[in-house]
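Chain and residue survey
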Amino acid sequence: MNKIVYLDNSATTRCLDDVVVAMSDALQNCYGNPSSMHSMGLEAERLLKTSRKTIAEALRVGEHEIFFTSGGTEANNWAIWGSAYQRKGRGRHVITTGIEHASVLKSFQRLAEDGFKVSFLQVNEEGIVDERQLEDILTNESIFISIMSVNNETGTIQSISKLVKIIRSKTPNALIHVDAIQCFGKIEIYPRELDVDLLSISAHKIHGPKGIGALYIRKGVLIKPFLIGGEQEACYRAGTENVPGIVGLGAAVAAAKKELTANKKKLELLKERIINGLSEVGGAHINGPVNAQQAAPHIVNMWFEGIHRGEVLLHSLEVEGIYVSTGSACHSRREEASHVLKELGLTGEAFTGAIRVSLSHLNQEEEIDYFLHKLKEVVSELRELAG
Amino acid sequence: MRKVLLIRYGEISLKGKNRHQFENRLMQNMKGSIGDLAPRRIELAYGRMYIPILDDAEAVIERVKKVFGIVSVSVASVSKLDLDAICSVALKQLNDITGGGSFKVETQRPNKNFPLKSPQVSREAGGYLLEKTEGWSVDVHHPDVVVNIELRSEGAYVYTEKIPCLGGLPVGTTGRGLLLLSGGIDSPVAGWMGMKRGLEIIGLHFYSFPFTSERSKEKVIDLAQKISTYGGPIKLYINHFTEIQKAIRKHCPEQYYVTIMRRMMFRIADTICGQAQAKAILTGESLGQVASQTLESMAVINEVTKIPVLRPLITFDKLEIIEYAKKIDTYELSILPYEDCCTIFVPKHPAIRPKLGPVQEAEQALDIEKLIAESLEKTEVLELSPR
């Protein structure tokens, strides 16, 4: 198996060469602790500063509004608990959607155990949040809302600005968090323009390293610290900074920002190629958004008539050197059905037979053609075996 | 003070002329089990074995407890052959037990040169212990603790605790068996039981990638490694079975899939037994558990081999098997969810009481020799050791 066509870029991505070079330089040559008083500490601190600035510019926010975390999960956990516990004096109602990532859903479940009233918004068959339901459940008691901008399994894009307007008009007390982990670096997202208070990003979804992410916290917004015990990140997030990780995040963000328009165009092109190609496979269907404006350019969730186990299709493609996923990566390991596809109301083969193809701008058209070619072969063989 | 682990092995000492062979094998297996600890000489005398304990009592006991053929072990302090010395060692042992209670002293005197007879030693030592301790009384009928004194030519062994072990026969003394290892709960237990009766086990796994995942193969490897802690390194054959399954699926009637599949498995096992000089096939089958585990099915499946098929779990209930799996520590591995995600090959209505004639007829659609030869060519062999 020599050829590798990696189409699982929403699970994680390969580090860019620039990222690896910057990180290994930091690991080998700039290993001081940013908190140390000597010059080696200062040198490390400068790296943090540069990276923070890069990210702030990419999000069009202030440097002091960026806080480094150990990744997307910590950013989400922190945003949710930090907000809810900070604001619990003003109300006990918190809101999210049913299609969030587990790091959000489980955090809300924990809040429910702690006595908060939790509402989960429903979505339609394309994964789009029900605005009317949101309007109906908002009260003065609502203190926190978390909504993902791009869904990791279906690629559904929420109309965040529309939802924010509804929230702001109904309640003055609520903090708004956006999980932008699948969106940032691929689609323009600017928290100030959207008028949101918190926003999570992660490095390894945009060709950066694993184990590093950041949380945007709007200036003036107070949330409770999550990790305590040190004065790092303005006393907001204790723990010696992951300097090489932060450098890697900075390098990945710089590259993503620079090429955002070109990359997006490339992704759209590749996705279009897939969608056109699927019609030749026959009996192929797409889960999630139909309207291109509500569909992220890098995620296609698909299923095929006669194929009822997504993982068998996944492994059959793997034999050909093609890597995709079923549902979301963590789910398929536990063999649990995807809660996202369930929320979309999918059943039967659309539900159990779905695979997700997720693209990177590093993918090539030839790779897509190879994928489509093999997909057609594999699907027809599996159909034949299934009889 | 010198300490030894005293090893008792019951059944072997009954085995007449084979006794030496059994003892040698037990010695060898014990050496293997503690091979990575500091080197030491295991002694054999009068139907017992003695392992010197350095400062690693716990590690030695933990390893030796897993060696089949041993009935029980005791940590014994070794004293000079002198009554005063023996008494003070016994006192220390009793003092190490907190709480007090009743005790009695039991003496054995294989060394007839010792001036006092057994009852005298017990009496003297008992009197001494009673006088020197608080909270202990003598009870010769139902004591809480028995202080054992063994008078041997090389010294006196004093111990209070008997740790029960697994019993059985030393692995390797009754031959070699090929275990069909699926990755489920049953087969590791069946292998363990074969080992308990002295079989050296080699494993055979049928791998159906892409219909099962690579993680399920990893799991089987982990399981084989786990059972190797009971009998030393294990050879694991991984047979690529997919093409056979596909051929069955394409050419044979649905109700016989399972029967024919099992017959193919047994044919492969038969060949590997020949290559590896194994004299039995072991399976984790339990009567009536699934369609292939009825008497009729077993008869039709067995028909392809002359090698004895041992089914140690044949009369066990699932819950009993689970209990064993927990005891031998394979359960947690077995229930990892990477098992067969393959439903393509499981018919809705398998033949529960297949007859040989129609099955043989159905098999004529297959080029059995070719299929088996090709799959044997793709068989990997792994050597797995406990650590």
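Fair warning: this is a prediction, and the values are worked out from it, not measured in the lab.

1. Notes on the overall build of chain A
In terms of helices and strands, chain A carries 15 helices and 12 strands. Computed over C-alpha atoms, the radius of gyration of chain A comes to 21 Å, within 12% of the 21 Å expected from 2.2 N^0.38 for 387 residues, which places it in the range of a compact globule. Overall, chain A is about 65 × 55 × 35 Å in size when its C-alpha atoms are taken along their principal axes. A total of 387 residues make up chain A; the buried ones form 57% of that total. Across chain A, every contact between residues at least 6 apart in sequence was considered, and the portion connecting residues at least 24 apart equals 74%.

2. As for the sheet that holds strand E5 (residues 142-148) of chain A
All names here are of chain A. Reading across from one edge, E2-E8-E7-E6-E5-E3-E4 is the order of the 7 strands in this open sheet, with mixed pairing throughout. This sheet does not close on itself; its edge strands, each paired only once, are strand E2 (66-69) and strand E4 (117-121). The sheet shows a mean angle of 20° between the axes of neighbouring strands, direction not considered. On the sheet, helix H3 (residues 72-87) packs against E2, strand E3 (93-97), E5, strand E6 (175-179), strand E7 (198-202) and strand E8 (213-217) and is oriented at approximately 165° with respect to E7.

3. Topic: empty space enclosed by the protein
To find leftover empty space, a probe the size of one water molecule is rolled over the atoms. All names here are of chain B. Applying the stated criterion across every chain, the model contains 2 cavities of 30 Å³ or more. Approximately 40 Å³ is the volume attributed to the second largest cavity. Looking at the lining of the second largest cavity, the elements that each hand over two or more residues are helix H7 (242-251) and helix H8 (257-276). With 3 residues, the top contributor of residues to the lining of the second largest cavity is H7. Classifying every residue of the lining of the second largest cavity gives 4 nonpolar, 1 polar and 1 charged.

4. Some details on the domain arrangement of chain A
Residue and element names in this part refer to chain A. Considered domain by domain, chain A is made up of domain 1 (5-14 + 260-386) and domain 2 (17-258). Centre-to-centre, using C-alpha coordinates, domain 1 lies 27 Å away from domain 2. Each partner contributes residues to the interface: domain 1 has 34 residues there, and domain 2 has 35 residues. When the buried surface of domain 1 facing domain 2 is broken down by residue, Leu 260, Gln 294 and Leu 344 rank first, second and third, together holding 23% of it. Along the contact surface separating domain 1 from domain 2 lie 2 salt bridges. Here Lys 264 and Glu 188 are joined by a salt bridge, their closest N and O atoms 3.4 Å apart. The tally of links between domain 1 and domain 2 comes to 20 residue pairs in polar contact (both at pLDDT 80 or more). A per-element tally of the side of domain 1 that touches domain 2 places helix H13 (residues 339-343) first, with 4 residues. Among the residues making up the side of domain 1 that touches domain 2, the classes are represented as 13 nonpolar, 17 polar and 4 charged.

5. Description of the domain arrangement of chain B
All names here are of chain B. Segmenting chain B into domains produces domain 1 (3-166) and domain 2 (175-384). Centre-to-centre separation of domain 1 and domain 2, based on C-alpha positions: 43 Å. Counting residues at the interface gives 4 residues for domain 1 and 6 residues for domain 2. Of the roughly 630 Å² buried between domain 1 and domain 2 on both sides combined, carbon and sulfur atoms contribute 56%. Across the domain 1-domain 2 interface, the total number found is 0 salt bridges. Counting every contact that joins domain 1 to domain 2 gives 1 residue pair in polar contact (both at pLDDT 80 or more). In terms of residue class, the side of domain 1 that touches domain 2 is made up of 2 nonpolar, no polar and 2 charged.

6. Some points on the sheet that holds strand E11 (residues 199-207) of chain B
Residue and element names in this part refer to chain B. Pairing within the open sheet is mixed, and its 6 strands lie in the order E14-E13-E10-E11-E12-E15. Edge strands, defined here as strands with exactly one partner in the open sheet, are strand E14 (309-310) and strand E15 (380-384). Pairing geometry for strand E10 (residues 175-180) and strand E13 (residues 280-282), over 3 bridges, is parallel. Note on E13: the bridge partner recorded for Leu 179 is Leu 282. The sheet contacts of helix H6 (residues 214-228) involve E10, E11, strand E12 (234-240) and E15, and relative to E12 the element is tilted by about 160°. Here H8 sits on the sheet in contact with E10, E11, E12, E13 and E14, set at roughly 150° to E10.

7. Observations regarding unusual backbone geometry
In this model, Phe 209 of chain B is joined to Pro 210 of chain B through a cis peptide bond whose omega is 0°. Relative to the helices and strands, Pro 210 of chain B resides in the loop between E11 and H6. The phi angle at Glu 233 of chain A is positive, at roughly 50°, despite the residue not being glycine. A residue is classified by how much of its surface remains accessible, and Glu 233 of chain A, at 7% relative accessible area, is buried.

8. Some points on the packing of H8 of chain B against helix H12 (residues 356-363) of chain B
For any two helices packed against each other, one specifies the inter-axial angle together with the distance between the axes. All names here are of chain B. Following both chains from N to C, one finds H8 and H12 inclined at 75°, their axes separated by 10 Å at the closest point. With respect to their mutual orientation, H8 and H12 come out roughly perpendicular. Contacts between H8 and H12 involve Thr 259, Ile 260, Arg 263 and Arg 267 from the first element and Leu 356, Val 359, Gln 360, Ala 362 and Glu 363 from the second. The class makeup of the residues in the contact of H8 with H12 is 4 nonpolar, 2 polar and 3 charged.

Calculation criteria
Residues numbered from 1 in each chain as written. Chains lettered and ligands numbered in written order. Predicted model: local features only at pLDDT ≥ 70, side-chain atom pairs only at ≥ 80, totals over all residues. Heavy atoms only, no water. Helix = DSSP H or I, 4+ residues; strand = E, 2+ residues; numbered from the N terminus. Rg over C-alpha atoms; globule rule 2.2 N^0.38 Å. Buried < 20%, exposed > 50% of the residue type's maximum accessible area, 1.4 Å probe, protein only. Contact = heavy atoms within 4.5 Å. Pairing = 2+ DSSP bridges. Axes fitted to C-alpha atoms, helices over the stretch in contact; angles between N-to-C directions. 1 Å grid on protein atoms, 1.4 Å probe; cavity = no way out; pocket = protein on both sides within 12 Å on 5 of 7 lines; lining within 4 Å. Points joined across faces, edges and corners; volume = space filled by probe spheres on them. Nonpolar A, V, L, I, M, F, W, Y, C, P; charged D, E, K, R; others polar. Domains from an automatic or database assignment. Buried area = accessible area lost by both parts, 1.4 Å probe. Salt bridge = Lys/Arg side-chain N within 4 Å of Asp/Glu carboxyl O. Polar contact = N/O pair within 3.5 Å; in protein donor to acceptor, adjacent residues only side chain to side chain. Parallel < 35°, antiparallel > 145°, perpendicular 65-115°, else oblique.

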